[in-house]
Amino acid sequence: MEKPDMELIKDGKRLDGRRPDELREIKIEVGVLKRATGSAYVEWGKNKVLAAVYGPRELHPKFLRNPTKAVLRCIYNLAPFSVEDRKRPGPDRRSVEISKVSAEALSSVVMLERYPNAGIDVYIEILQADAGTRCVGLTAASVALADAGIPMKDIVAACAAGKISGEIVLDLMKEEDNYGESDLPIAVMSRKKDVVLLQMDGKLTREEFKKAYELAVNGATQVYEIQKAALLKSVNDVKIEG
Ligand code: CDP
């Protein structure tokens, strides 16, 4: 489908006033759900996302068990009321894909071999969506895993970059995602910078890809600092409560 021509960036400013290399505002709250082993709530621009972790616990059905390591499962769910046109409840192709790539990304940092035969379930609930929800979901899930006290090699931080009106920019919002030329969501291990997720919508030249990739890694580094601050705050709050 042809996209209508829309000027998404003018005099170096985007529709919401951001510079090309600027993230939307991000707020992270840790430990928001009493019955989950770990949880996090993230507001990222107009996105609102809840992540909950259960486990490690006995894995059912039994045939899924792995005697050498835990199995991490992920369910990404876009709530019917989270988008402009009501979304039909339940899984669809898109949510199955995002669940799969998210589980793979998180499995590369969680020390699954510590929990043979067990299951770790990660739920990502998108309450309000405004583009970039897979990045927000992974960022929230990673914090929720840390909140659950599950050992990890590193924390996963995610961010997208893309191309709008011919320019490479960081962290596309809905209008930019809809009318832009390309979107490149990535997730990295925060300290090692190993890539654990990389997807691309639309087209980029080799040069543009390099620029967008570097911008997205830089964005993920900023996201990591916010994750770290939220986790430190939650640990300190517990200490104060005694
Ligand atoms: O959210 P993310 O950018 O990771 O995934 P996407 O498939 O590129 O979707 C971009 C955006 O389109 C979402 O964040 C939603 O705001 C919107 N969307 C929608 O309105 N209805 C859907 N059924 C799916 C996505």
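For the structure, check the block above.
Residues numbered from 1 in each chain as written. Predicted model: local features only at pLDDT ≥ 70, side-chain atom pairs only at ≥ 80, totals over all residues. Heavy atoms only, no water.

A.B. asks: Go over the site of the ligand, please, and point to the residues and values.
C.D. replies: For the ligand, the full set of nearby residues is Leu78, Val83, Arg94, Ala129, Asp130, Ala131, Gly132, Thr133, Arg134, Lys174 and Asp177. With respect to the ligand, the backbone of Gly132 contributes an N or O atom lying 2.8 Å from an oxygen atom. Taking Arg134, its side chain carries an N or O atom lying 2.8 Å from an oxygen atom of the ligand. For the ligand, the protein covers 78% of the area, taking 510 Å² as the surface of the free molecule. The cavity that encloses the ligand is the largest pocket. Those elements that place two or more of their residues in the shell around the ligand are α2 (133-147) and α3 (174-179). By residue class, the composition of the shell around the ligand is four nonpolar, two polar and five charged. (Near = heavy atom within 4 Å. Polar contact = N/O pair within 3.5 Å; in protein donor to acceptor, adjacent residues only side chain to side chain. Areas by Shrake-Rupley, 256 points an atom, 1.4 Å probe, with all protein chains shown as cover. 1 Å grid on protein atoms, 1.4 Å probe; cavity = no way out; pocket = protein on both sides within 12 Å on 5 of 7 lines; lining within 4 Å. Sits in = over half its atoms within 2 Å of the grid points. Helix = DSSP H or I, 4+ residues; strand = E, 2+ residues; numbered from the N terminus. Nonpolar A, V, L, I, M, F, W, Y, C, P; charged D, E, K, R; others polar.)

A.B. asks: Break down the environment of Asp121 for me, citing the residues and quoting the values.
C.D. replies: Considering the arrangement of structural elements, one finds Asp121 in strand β7 (residues 118-128). A relative accessible area of 7% places Asp121 in the buried class. For Asp121 and Thr37, which are 84 residues apart along the polypeptide, the C-alpha to C-alpha distance reads 9.9 Å. Once you skip the residues sitting within four places of it in the chain, Asp121 turns out to touch Ala52, Val53, Tyr54, Arg57 and Arg73. In terms of polar contacts, Asp121 uses its side chain to reach the side chain of Arg57, at 3.0 Å. (Buried < 20%, exposed > 50% of the residue type's maximum accessible area, 1.4 Å probe, protein only. Contact = heavy atoms within 4.5 Å.)

A.B. asks: I'd love a proper account of the state of the cysteines, names of residues and values included.
C.D. replies: Counted according to the given criterion, the structure contains zero disulfides. Cysteine Cys74 remains unbridged, with the sulfur of Cys135 as its closest cysteine sulfur at 13 Å. Distance from the sulfur of Cys159, which forms no disulfide, to the nearest cysteine sulfur (Cys135) is 6.2 Å. On the accessibility criterion, Cys159 (0% relative accessible area) is buried. (Disulfide = S-S within 2.5 Å.)

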